[in-house]
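Residues per chain are reported as follows:
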Amino acid sequence: MSDSAITYTLYIQADPDRVWQALTDPALTRRYWGLSFETDWAVGSTMDWVERGARTSDPEQVVLDCVPDRLLSYTWHTFTPQWAAAVGIGEELRAELAGERRTKVTYEIEPVGDALARLTILHEGFEPGGTLIGMCGRAWPMLASSLKTLLETGAPLPEPGDGTEQGYGGHEAYETRQTRGTGEPGGETGETGGS
């Protein structure tokens, strides 16, 4: 993790088309991430993020690149009051996140032999030392692990401290649960790495 980007690479026992489906199919994203995207995945199309009953819409939430089974890139979502209320984020933290510049995520999918796919996640454009990079730096390893577990076993990781098979949930929601009651908006910064 640099001061403005997170890179995470993992190997998944699945075909690239199945990894692609996990990144784009609402039925799958809800299982491991707790949210869905409403878009046609055409370059330039807007994306609505639907999480915990809140819809986040913004003309700057767009698909940047889309090559099925190989490459997907989009801008990160807008931090609206409706989103914050749905995921349990306080107004002070929401305003801090909203004050940072918009980031983007890129996924590269590569076949590795006959039975594996390499998924590289690049989340970049963060404010150096900002709040969002700290939150996402802790969340991406769990989120990527839940995607991998879902594709390899048929069930996502349970949410931390939860015995159900509900998906991991959004990175911000996880961060809130981890720091609730501490008065800290972020907590420790973890390094990301491959698995």
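Just so it is clear, the model here is predicted, and its values are computed rather than measured.

**As for the overall build of the protein**
A count of helical and extended segments in the protein gives six helices and eight strands. Expressed as a percentage of its 195 residues, the buried residues of the protein come to 49%. Across the protein, contacts joining residues at least 24 apart in sequence account for 60% of those joining residues at least 6 apart. Carbon and sulfur atoms form 49% of the exposed surface of the protein, whose accessible area is close to 8,600 Å².

**A word on the sheet that holds strand S7 (residues 104-112)**
Ordered by their spatial adjacency, five strands build an open sheet running S1-S8-S7-S6-S5, and the pairing between neighbours is antiparallel. Each edge of the sheet is formed by a strand with only one pairing partner; in this case those strands are strand S1 (5-12) and strand S5 (63-67). Neighbour-to-neighbour, the strand axes of the sheet open up by a mean angle of 10 degrees, direction not taken into account. Of the strands in this sheet, S1, S7 and strand S8 (116-124) touch helix H5 (residues 131-153), which is tilted by about 15 degrees from S1.

**Describing the pattern of salt bridges**
As enumerated under the stated definition, the model contains eight salt bridges in all. Between Glu-60 and Arg-102 there is a salt bridge, with the nearest N and O atoms lying 3.6 Å from each other. Note that Glu-60 is positioned in the loop between strand S4 (54-56) and S5 and Arg-102 in the loop between helix H4 (91-98) and S7, a separation of 42 residues in sequence. On the basis of relative accessible area, Glu-60 is assigned to the exposed category, the value being 51%.

**What to know about the packing of aromatic side chains**
By convention here, two paired aromatic rings are described through the distance between centres and the angle between planes. With the rule as written, the count across this model stands at 15 aromatic pairs. Relative to Tyr-74, the ring of Trp-49 lies with its centre 5.9 Å away and its plane at 80 degrees, an arrangement referred to as edge-to-face. Of this pair, Trp-49 sits in strand S3 (residues 48-51) while Tyr-74 sits in strand S6 (residues 71-75), placing them 25 residues apart in sequence. For the pair shown, Trp-49 and Tyr-74 are each scored as buried. Their ring planes at 75 degrees and their centres at 6.2 Å tell us that Tyr-107 and Trp-140 sit as a pair that is edge-to-face. A residue pair is termed long-range when its members are at least 10 positions apart, and Tyr-107 in strand S7 and Trp-140 in helix H5 qualify at 33 residues. Here a set of aromatic residues connected by ring pairs shows up, and it is made of Tyr-32, Trp-33, Phe-37, Trp-41, Trp-49, Tyr-74, Trp-76, Tyr-107 and Trp-140.

**Observations regarding the nonpolar core**
Residues Trp-33, Tyr-74, Trp-76, Tyr-107, Leu-119 and Trp-140 are the most contacted members of the largest nonpolar core, which totals 46 residues. Leave out the neighbours within four places in its chain, and Tyr-74 touches Trp-33, Phe-37, Trp-41, Met-47, Trp-49, Val-62, Val-63, Leu-64, Lys-104, Val-105 and Tyr-107.

**Focus: the confidence of the model for the protein**
Confidence in the prediction for the protein averages 86 pLDDT; 82% of positions are at 70 or higher. Note on residues 163-195: pLDDT is under 50 here. Beyond four places in sequence and across chains, it has 92 contacts.

**Side note on empty space enclosed by the protein**
Applying the stated criterion across every chain, the model contains one cavity of 30 Å³ or more. Put simply, the largest cavity is a space of about 40 Å³. In terms of lining residues, the largest cavity is bounded by Leu-23, Tyr-32, Trp-33, Tyr-107, Leu-119, Ile-121, Trp-140, Leu-143, Ala-144 and Leu-147. Elements with a minimum of two residues in the lining of the largest cavity: S8 and H5.

**Quick word on the environment of Lys-148**
Among the structural elements, Lys-148 can be located in helix H5. Separated by 29 residues in the primary sequence, Lys-148 and Leu-119 have C-alpha atoms spaced 9.6 Å apart. Non-local contacts of Lys-148, meaning those with residues more than four positions away in its chain, are made with Leu-10, Tyr-11 and Ile-12.

About the criteria used
Residues numbered from 1 in each chain as written. Predicted model: local features only at pLDDT ≥ 70, side-chain atom pairs only at ≥ 80, totals over all residues. Heavy atoms only, no water. Helix = DSSP H or I, 4+ residues; strand = E, 2+ residues; numbered from the N terminus. Buried < 20%, exposed > 50% of the residue type's maximum accessible area, 1.4 Å probe, protein only. Contact = heavy atoms within 4.5 Å. Areas by Shrake-Rupley, 256 points an atom, 1.4 Å probe, with all protein chains shown as cover. Pairing = 2+ DSSP bridges. Axes fitted to C-alpha atoms, helices over the stretch in contact; angles between N-to-C directions. Salt bridge = Lys/Arg side-chain N within 4 Å of Asp/Glu carboxyl O. Phe/Tyr/Trp six-rings, centres within 6.5 Å; stacked < 30°, edge-to-face > 60°. Core = buried A, V, L, I, M, F, W, Y, C linked by side-chain atoms within 4.5 Å. pLDDT = per-residue confidence, 0-100. 1 Å grid on protein atoms, 1.4 Å probe; cavity = no way out; pocket = protein on both sides within 12 Å on 5 of 7 lines; lining within 4 Å. Points joined across faces, edges and corners; volume = space filled by probe spheres on them.

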